[in-house]
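Structural overview
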Amino acid sequence: MFSQFALHERLLKAVAALNFIEPTPVQLAAIPLALQGKDLRVIAQTGSGKTAAFVLPMLNRLLGDGASSPRMSVRAMILLPTRELAQQTLKEVERFAQFTFLKAGLITGGEDFKVQAAMLRRVDILIGTPGRLIEHANAGNLLLDEVEVLVLDEADRMLDMGFSDDVQRLAELCNAERQTLLFSATSGGAGLREVVGKVLKEPEHLQVNKVNQLNEGTRQQIITADHNHHKERLVDWLLANETYEKAIIFTNTRVQADRLYGKLVAKEYKVFVLHGEKDQKDRKLAIDRLKQGAVKILVATDVAARGLDVDGLDLVINFDMPRSGDEYVHRIGRTGRAGAEGLAISLICHNDWALMSSIERYLKQRFERRNIKDIKGIYQGPKNLKASGKAVGPKKKKIDPKTGKKIVAKKPAAKAPSKRNTINKPKADAPVLVSQDGLAPLKRRTPTAE
Ligand code: AMP
C-alpha cells in the first residue's frame, strides 16, 4: 500500500487516481530512503516502476509542508538520455503532480530554443536531455542554484551516449546541498563509477533487478535462419501468426530497419520505422500512433527505441541479435511489463550464433529453440552441438545409388578449426570485453549504426 510511505496527501490522491495499489520492489526499496533525503544509486530496469520511485519523493520534497506558495525557480531537475524518455517522464511527473501547484517543463533538442528559454523561468521541475540543457547553460538561461533534487535516470545510457562531461557540469551548477538520485539499468563501468563518485554524496546502493534478471512474464525463443531474406520471411510469418497486441522489431542498422519496413509495408502491414535519421516529428507520430493502437508494429534501432514505454507491447523480435547482453536486456525489457505476458524471439543466422550463446551464458538462461515448419531453413545451429538438434552419434555410411558401393569421403587438406571453439573464442577481429560488472566474459561491442 502506498499509504505506508510518508507521502503528502495530494500525492497519495494522485497515486490512488492512477490505480497504483501495491508499490513495486524498487518503489518499496527506494521511496523510504529518498524521503529521508539520502542520495541513492539504484540499479533498476525500465518497466520496474523506477520513475515513480524517484518522482514521488522528489515531489514530496518540493511540496514541503504544503504551506509554501509557488516559487519562480527551478527546484528539481531530471536528466535523461533521449527525447522520448524525457517526454514520457514529463507525462509521469504531470500525472503525479496533478493535484499540486508544481509545474514541470521539457528541455530537449529539436524544439524552439527561445520558447524553451522563456519557459525555463516558469517551472519548478526541469526534465531534459543534457545536450540541450548545456546549450541553455552556455547561453546564460539556466539558473540551477536552487535545485534541491537532481535525478540522473538511465545514467548508464547517458554516459554511453557521451554525455558524461555535460552531466557533471550540470550537476556542478545545482545547489551543493541538493539530493541526488541516480538510476541505471546496469551496474555500468568506470565512467559511471566516476560520476557516482563526483556527483553523489555517500549514496545508498540499491540493486532491485540484477542486470541478468529479465521480466519473468517474458518467454524467450530463438529461431534459426539462413540469411536476411529468410529472416524477413520469418518476421512476416510471425506477424501474421502470433497473437500479440503490439510488436517491436529491432535491427542493428538503419539500412536494415528501412529495408524491413519497406518489405512489411509491401505486405500491407500497418507499421512505422524509428531510427536515428528520423526527425522529431516522425518519431513523435510513430510513438503516438503505437500508443493509441492505430499502428501495431514498429521497426526500430536500439537508440531510437531506448526507454520506449508503450502499454501492450507483448512481442519483441530481434531481427539482428543485439551486440551485448545489456542491450538484449534493454530490448526485451520493452515487453512483459508490470507482470504482463510477453514473447521475445531472436532470429539467428550462423553469424549471430556465437553472440547469442554468449548472451545466454551472460543471462545464465537457455533460450527456447523453436522451428517454424512451413519455412524451416537449412541452418540449425553449429553442427557439432547436441543443442542444435542434430545427431552427434556415428555417421551413417553413404552408399552410391548407381554403383551400390560405399562412398569414401576425401580427407580435408588441412584440419578445419573446431566450430565449438569458435563459439567460445570469437574471431580475433570481434572485440570482446569483459562485462562491466564482471558477471560473465561477454560484452562484445561494435560501433552502433546510430
Ligand atoms: P517505469 O519502470 O517507471 O517505466 O514504469 C513502468 C510502468 O509501470 C509505467 O507505465 C508505470 O505507470 C507503471 N507502474 C509503476 N509503478 C506501478 C505500480 N506500483 N502499480 C501499477 N503500475 C505501476
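Presented here is a report on the structure given in the accompanying data block. (Residues numbered from 1 in each chain as written. Predicted model: local features only at pLDDT ≥ 70, side-chain atom pairs only at ≥ 80, totals over all residues. Heavy atoms only, no water.)

Looking now at the pairing of strand 5 (residues 149-152). Residue alternation in strand 5 divides its side chains into two sets, V149 and V151 and L150 and L152, and both sets are buried. Of the pairings in the sheet, the one linking strand 5 to strand 6 (residues 179-184) comprises 4 bridges and is parallel in character. When the sheet's bridge partners are listed, L150 is paired in strand 6 with T180. (Buried < 20%, exposed > 50% of the residue type's maximum accessible area, 1.4 Å probe, protein only. Helix = DSSP H or I, 4+ residues; strand = E, 2+ residues; numbered from the N terminus. Pairing = 2+ DSSP bridges.)

With that settled, the discussion passes to the side chain of E154. Looking at the element boundaries, E154 is found in the loop between strand 5 and helix 7 (155-160). Not counting residues up to four positions away in its chain, the partners in contact with E154 are T46, K50, P81, L85, F183, S184 and H330. (Contact = heavy atoms within 4.5 Å.)

If you trace the 7 strands from one edge of the open sheet to the other, you get 3-4-2-5-6-1-7, paired in parallel fashion. Of all the strands in the sheet, just strand 3 (104-107) and strand 7 (204-207) have a single pairing partner and so form its edges. The sheet shows a mean angle of 15° between the axes of neighbouring strands, direction not considered. With 4 bridges connecting them, strand 1 (residues 40-43) and strand 7 associate as parallel partners. In the strand pairing of strand 7, L40 is matched with E204. (Axes fitted to C-alpha atoms, helices over the stretch in contact; angles between N-to-C directions.)

A separate point is the nonpolar core. The biggest cluster of nonpolar side chains holds 41 residues, and the ones touching the most others in it are L56, L59, I78, I125 and I127. If you tally residues by element for this core, the top one is helix 3 (residues 50-63), at 9 residues. Beyond its immediate chain neighbours, meaning those up to four positions away, I125 contacts M58, L59, L62, A76, I78, V93, L102, K103, A104 and G105. By size, the runner-up hydrophobic cluster in this structure holds 30 residues, among which are V167, L182, V195 and V199. (Core = buried A, V, L, I, M, F, W, Y, C linked by side-chain atoms within 4.5 Å.)

Evaluation of the coordinates by the stated rule reveals 6 aromatic pairs. Judged by centre distance (6.4 Å) and plane angle (85°), the rings of W353 and Y379 are edge-to-face. Here W353, found in helix 15 (residues 353-363), pairs with Y379, found in the loop between strand 14 (368-370) and helix 16 (419-424); they are 26 residues apart in sequence, far enough to count as distant. The exposure classification of W353 matches that of Y379, with both residues buried. (Phe/Tyr/Trp six-rings, centres within 6.5 Å; stacked < 30°, edge-to-face > 60°.)

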